[in-house]
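Each chain is listed here by its residues.
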Amino acid sequence: MENTIRKIESLGAGSETLARLIPLLQEEVFPKGHILIREGKVERSLFFLEKGVARAYLTNEDRDVTFWFGVEGDVLLSLKSYFSNEPGYESIELLEKSVVYKIPYSSLIELYQRDVRMANWGRRFAESELIKADERFINQQFKPAADRYEEFVRDFPDLIRRIQLGHIASYLGVSQVTLSRIRAGKR
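Described below are features of the structure shown in this document. Keep in mind that what you see is a predicted model, and the values were worked out from it rather than measured.

Points about the environment of Lys 97
- Mapped onto the secondary structure, Lys 97 falls in the loop between strand 7 (91–94) and strand 8 (98–104).
- As for Lys 97 and Gly 52, which are separated by 45 residues in sequence, their C-alpha atoms are 6.1 Å apart.
- Lys 97 has contacts with Val 29, Phe 30, Pro 31, Lys 32, Lys 51 and Gly 52, leaving out every residue within four places of it along the chain.

Section: the packing of aromatic side chains
- On inspection of all chains with the given rule, the structure shows 7 aromatic pairs.
- Taking the centre distance of 5.6 Å and the plane angle of 50 degrees together, the rings of Phe 152 and Tyr 171 count as tilted. Of the two residues, Phe 152 is situated in helix 6 (residues 145–155) and Tyr 171 in helix 7 (residues 165–172); the sequence distance between them amounts to 19 residues. For the pair Phe 152 and Tyr 171, a shared accessibility class is recorded, and that class is buried.
- Counting every residue linked through ring pairs, the aromatic cluster contains Phe 69, Phe 152, Phe 156 and Tyr 171.
- Lying across the ring of Tyr 105, Arg 44 places its NZ or CZ 3.9 Å from the centre.
- Its guanidinium or amino end placed over the ring of Tyr 57, Arg 55 lies 4.0 Å from that ring's centre, counting from NZ or CZ.

Cut-offs and rules
- Residues numbered from 1 in each chain as written.
- Predicted model: local features only at pLDDT ≥ 70, side-chain atom pairs only at ≥ 80, totals over all residues.
- Heavy atoms only, no water.
- Helix = DSSP H or I, 4+ residues; strand = E, 2+ residues; numbered from the N terminus.
- Contact = heavy atoms within 4.5 Å.
- Phe/Tyr/Trp six-rings, centres within 6.5 Å; stacked < 30°, edge-to-face > 60°.
- Buried < 20%, exposed > 50% of the residue type's maximum accessible area, 1.4 Å probe, protein only.
- Lys NZ or Arg CZ within 6 Å of the ring centre and 35° of its normal.

Keep in mind these values describe shape, not function.
Below, the structure written as structure tokens:
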């Protein structure tokens, strides 16, 4: 539970907040390839990725378009589904055998209503997720693929060995051939 606790603490959780959250977390183990969150479905839980790697993607014209990777310590959720109780746009696939800690939205709301510290933690969590979504959007729209690849390698150096190159190419918005050229130019 080390990665999950580190994530919760990184959002300003003190010992009291941790003491209230930890008992609500349900450990679940899933195999590689498991679809944790399905596009078009409502998912009213969020998941802390304790062990493994995940990707978020959309299906567009019979092909998957990857727009996010999650690693140990990250939170897995569909923002639209989680916050508005509507079907989400994306699917989240586990790319390795994974351990997640699940917490139902209803449990968090109950905590938020009873404790202002919990409500503030929830606000910081939401702010953090929105900032990350905003950064992904800006990067995808305004940075060349070679720059995005360089950032990807810098920010996630071990993922190159853990993720299929096809998923990385999709994330960068290029073909695998173009990704090979980018990688050859960086050596």
